[in-house]
Amino acid sequence: MITPIKWDLVRTDPQWVSALATILGDIEDSAQADSSERQQLQSQLQTFVQRSPERVSALDKIAVQASVDIMIVDLTRRVAEIKARNAQLEVAALALGVEVDAANRDAGRLVRITAEINKAKDAITTVKDMVARLGDDNADAIDTIRAILDGFSRLNEIYRPND
Amino acid sequence: MKTTYRTARKSLALLLVIALLFSGCGEIPDISKFAEASSGMTTAIRKGVAQTDEVLEAASTEPAFDSETQGKLKKQRADFQAALKPTLNTLDKIDGYLDALQAIAQAHKKSAEQSAALVSAVGGVVKAASGLIIPAAATNIITAITTLYRKLELEKDFKQRVNMVSEIMEGKKDATGAVIQEGVIDLLKLNVKALKDINDGVSETMITAIIDRNAVITQYHNQILGNDQRVQRVLAGILEYKKLVTEFNDFSAKAVLARDLDIARLNNKYNRKFVGISDQTERRRLEKERDEKIEDVKKQADQEINSRNAEDREIITSQLKYLLGIDAGLAGLRDSLKKFDEEDRRADANSAVHRQALVIGALEQREAALLTQTKALTADMQRINPAYTEAVAYQNKARARHNALNALLIKSDSALDAWAETHARLRMTLNTKQPLTATRLLVVAREMLDIIKPEKEK
């Protein structure tokens with residue numbers, strides 16, 4: 001719980017001392033508070049430094065140091081939290097990597113198959129050109145073409161699961 | 001022969017449809033928008049990590065911090081960099097995952113196109129060789145392609161892969177909904193929240209320290225500004241007072257002239273009437289009438305003048321009271337007026353004129369003094385302005401960096417939610433065969449990229 005300060009009413013030196021004492025008291029109580037409360041306290045300290053007159057600059061130094069202390073404690077805490085999650089992230093990244101590798105293998109396989117199909121298509125186009133030049137009664141040539149086409153019907157063999 | 005050819009064409013058309021179905025054209029959705037948005041998101045989150053590191057770097061070298069604080073920040077920065085490596089690695093893996101899915105989708109589309117082209121080429125052979133016994137062989141080729149795709153089990157693998165990744169990204173929950181294993185999205189969201197907390201804590205403290213370091217220059221500047229504003233306010237008040245007095249005098253003079261003009265016109269009017277009147281009784285009557293009218297005009301005009309003058313005097317008095325209240329430098333005038341008012345009750349009948357002259361004299365003296373003061377203040381302001389501007393710009397830069405990074409990290413959190421939502425939709429898309437949309441993620445990713453865009457490009 002942060003004590004509200006009526007900044008417009010803080011004018012005399014004892015009032016400035018009292019305002020800072022209030023904030024420092026709240027900071028002591030906030031050791032286990034969430035980050036939002038701690039940030040509000042840092043904002044209070046900033047307002048203090050911004051508003052206080054030069055004659056109480058000694059108090060400003062204390063306010064800045066209090067903000068620095070919060071910063072270092074919270075920074076250490078956040079970095080530790082990130083570290084604590086790293087083991088889980090590393091396991092997850094590893095599992096993701098396995099899936100990525102498998103997906104890449106699938107993609108590679110598809111690319112290779114596409115290339116083979118493409119070659120087959122080119123060959124058949126050549127056959128088509130050849131057929132166009134043949135007479136209907138050219139039995140030898142027909143046998144040859146049929147043999148070529150039979151060869152293409154084994155196209156499914158280009159896929160081997162262990163590739 | 002013709003019948004054989006027609007049959008072959010019919011069966012080929014049917015097989016073409018079957019082949020396209022089996023080759024899975026459209027079964028694996030277009031994920032290019034998802035991949036584009038995801039890449040934008042990961043780029044921006046990486047930038048968020050880099051910018052948080054930059055905040056730590058700036059803080060660890062900030063002159064407003066003492067060397068002990070700088071040292072602690074340097075150590076924390078090193079810890080931070082090491083701690084964030086797995087996060088960056090995970091972001092790389094997310095990119096790799098989307099790239100791989102995208103590669104499959106593209107290769108799959110290309111493969112389907114090539115299969116259709118192959119079937120079409122076989123059709124061409126049949127057409128060219130009408131009368132040849134080739135259709136059976138063509139059928140065999142198409143069957144081979146469909147078998148090939150069946151053996152590949154690509155669609156099944158794709159679905160399985162997306163499901164596996166969903167588990168990794170979204171985590172595992174038991175039947176009661178309790179989390180068994182945290183998902184990557186949640187872990188990344190927590191890390192993004194930690195980055196925001198770091199940015200808030202470090203930036204706010206850095207700004208506080210900068211304000212403290214610049215306190216002398218900013219307070220001096222503000223005091224000069226305050227003094228200058230006070231002087232300007234008094235000068236404006238004096239000008240207003242002088243204007244009111246001038247208006248008062250102008251009105252009185254003009255009103256008296258107008259009144260005298262009306263009287264002169266009445267005199268002229270009656271003088272013209274007197275010409276040719278020999279009857280003394282009638283002339284006296286007219287003279288009496290004229291005198292009465294002149295008296296009326298005079299009385300009415302004087303009433304108006306006096307009423308207006310009374311109001312003006314009240315305003316002028318009020319303005320003087322205001323001036324004496326806001327300017328301690330006019331304390332002497334206050335004393336002089338007090339003394340004058342005491343003496344006036346005993347003696348001088350034209351006191352109003354004398355009193356006003358006394359006030360105007362004192363105000364003009366004060367005005368001259370204040371103008372000299374304002375020149376000195378302006379010179380002083382110009383002298384400290386470069387240092388003040390530099391101090392303010394430095395402080396504003398720290399604030400702007402804090403705000404921009406905060407905006408980016410808040411968007412990062414939304415983007416991670418949108419990523420999970422889009423991936424869940426991808427899973428559904430694979431079952432429903434609907435097109436995949438990634439609009440929300442695209443919008444957030446673009447907003448993030450806009451935040452990190454260099455200033456000159458905006």
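Residues numbered from 1 in each chain as written. Chains lettered and ligands numbered in written order. Predicted model: local features only at pLDDT ≥ 70, side-chain atom pairs only at ≥ 80, totals over all residues. Heavy atoms only, no water.

1. Thoughts on helix H1 (residues 13-29) of chain A
Residue and element names in this part refer to chain A. To keep it simple, the criterion reads: Put simply, DSSP H or I for four residues or longer makes a helix, DSSP E for two residues or longer makes a strand, and each gets a number counted from the N terminus. Expected span of a helix: the number of residues minus one, times 1.5 Å. Accessibility here uses a 1.4 Å probe with only protein chains present; expressed as a share of the type maximum, an area under 20% marks a residue as buried, one over 50% as exposed, and anything in between as partly exposed. Working note: the arc is built from the helix axis to C-beta atom directions.
Compared with the 24 Å implied by 1.5 Å per residue over 17 residues, the 25 Å span of H1 between its first and last C-alpha is a close match. Listed in full, the buried residues belonging to H1 are Trp16, Ala19, Leu20, Ile23, Asp26 and Ile27. Down the axis of H1, the buried side of the element spans an arc of 120°, and every buried residue falls inside it. When the buried face of H1 is taken as reference, the exposed residues oriented beyond 90 degrees from it are Pro14, Glu28 and Asp29.

2. Remarks on the interface of chain B and chain A
For the record, the criterion: Between two residues, a contact is recorded if the distance between any of their heavy atoms is within 4.5 Å. By salt bridge we mean one thing: a side-chain nitrogen of Lys or Arg within 4 Å of a carboxyl oxygen of Asp or Glu. All amino acids are sorted into three groups, where Ala, Val, Leu, Ile, Met, Phe, Trp, Tyr, Cys and Pro are nonpolar, Asp, Glu, Lys and Arg are charged, and the leftover types, Gly among them, are polar.
Counting residues at the interface gives 82 residues for chain B and 70 residues for chain A. The interface formed by chain B and chain A holds 4 salt bridges in total. Residues B:Asp212 and A:Lys61 are paired through a salt bridge, measuring 2.8 Å at the closest nitrogen-oxygen approach. Residue assignment for the side of chain B that touches chain A shows that the elements contributing at least two residues are helix H3 (67-83), helix H4 (85-128), helix H5 (135-152), helix H6 (154-170), helix H7 (184-213), helix H8 (215-274) and helix H11 (351-432) of chain B. With 24 residues, H4(B) is the single largest residue contributor to the side of chain B that touches chain A. Residue composition of the side of chain B that touches chain A, grouped by class: 47 nonpolar, 20 polar and 15 charged.

3. Examining a positive patch on the surface
Residues and elements named next belong to chain B. Cut-off, in case you're wondering: Grouping into patches uses exposed residues only, defined as over 30% relative accessible area, and leaves out salt-bridged ones; the cut-off is 9 Å for like charges and 5 Å for nonpolar side chains (Val, Leu, Ile, Met, Phe, Trp, Tyr). Accessible surface is estimated by sampling points in the Shrake-Rupley manner with a 1.4 Å probe; for residues, cover comes only from the protein chains shown. Charged residues are defined here as Lys and Arg on the positive side and Asp and Glu on the negative side; His and the ends of the chain fall outside this count. The atom standing in for a charge is NZ when the residue is Lys, CZ when it is Arg, CG when it is Asp and CD when it is Glu.
Taken together, the side chains of Lys269, Arg272, Lys273 and Lys293 present a region of like positive charge at the surface. Examining the composition of the positive patch, we find that 3 residues originate from one element, H8, more than from any other. Examined against the element boundaries, Lys269 turns out to sit in helix H8. Residue classification places Lys269 among the partly exposed positions, given a relative accessible area of 36%.

4. Quick notes on the pairing of strand E2 (residues 179-182) of chain B
Residue and element names in this part refer to chain B. Selection criterion: Any two strands between which DSSP finds at least two bridges are classified as paired.
Across 3 bridges, strand E1 (residues 171-173) lies against E2 in antiparallel orientation. Residue pairing across strands places Lys172 opposite Gln181, the latter belonging to E2. Counting the residues that bridge the hairpin from E1 to E2 gives 5 residues, and of these Gly177 lies at a positive phi of roughly 95°.

5. Some details on the packing of aromatic side chains
Given two aromatic rings, one states the distance between the centres and the angle between the planes to describe the pair. Applicable threshold: Side-chain rings of Phe, Tyr and Trp (the six-membered ring for Trp) are treated as a pair once their centres are within 6.5 Å; stacked means planes under 30 degrees apart, edge-to-face means over 60, and tilted covers the remaining angles. Cation placement over rings: the criterion is NZ of Lys or CZ of Arg within 6 Å of the ring centroid and within 35° of the ring normal.
Applying the stated criterion to the full structure yields 4 aromatic pairs over all chains. Relative to A:Phe48, the ring of A:Trp7 has its centre 6.4 Å away and its plane inclined at 65°; by these criteria the two rings are edge-to-face. Residue A:Trp7 is located in the segment before H1, and its partner A:Phe48 is located in helix H2 (residues 35-51); the two are separated by 41 residues in the primary sequence. Across this residue pair, the class does not change: A:Trp7 and A:Phe48 are buried. Centre to centre, the rings of B:Phe34 and B:Trp419 are 5.4 Å apart; their planes meet at 50°, and the pair counts as tilted. One end of the pair, B:Phe34, is in helix H2 (residues 32-60); the other, B:Trp419, is in helix H11, and 385 residues separate them in sequence. Comparing B:Phe34 with B:Trp419 shows no difference in burial state: the two are buried. Counting every residue linked through ring pairs, the aromatic cluster contains A:Trp7, A:Trp16 and A:Phe48. Positioned over the ring face of B:Tyr270 is B:Lys273, at 4.8 Å from the centre of the ring. For the cation-ring pair, B:Arg283 lies above B:Phe274, with the distance from its terminal atom to the ring centre recorded as 4.4 Å.

6. Describing the pattern of salt bridges
What the rule picks out here adds up to 40 salt bridges over all chains. Across the pair A:Arg109 and A:Asp106 runs a salt bridge, and its minimum N-O distance is 3.2 Å. You can see A:Arg109 and its partner A:Asp106 sitting in helix H3 (residues 57-133), 3 residues apart, about one turn around the helix. Exposure class is identical for A:Arg109 and A:Asp106. Each is buried. With a closest N to O distance of 3.9 Å, B:Arg213 and B:Glu62 form a salt bridge. Highlighted residues: B:Arg213 in helix H7 and B:Glu62 in the loop between H2 and H3, separated in sequence by 151 residues.

7. Remarks on the confidence of the model for chain B
All names here are of chain B. Quick note on the threshold: The quantity known as pLDDT measures the predictor's confidence residue by residue, on a range of 0 to 100.
Confidence along chain B averages 86 in pLDDT terms, with 87% of residues attaining 70 or more. Predicted confidence is poor over residues 1-5, with pLDDT under 50, and the contacts of this stretch with residues over four places away or in other chains come to 4 contacts. Counting interchain partners and residues more than four positions distant, the pLDDT-below-50 stretch residues 21-26 has 10 contacts. Here the prediction assigns the complex a pTM of 0.76, and the interface score ipTM is 0.82.

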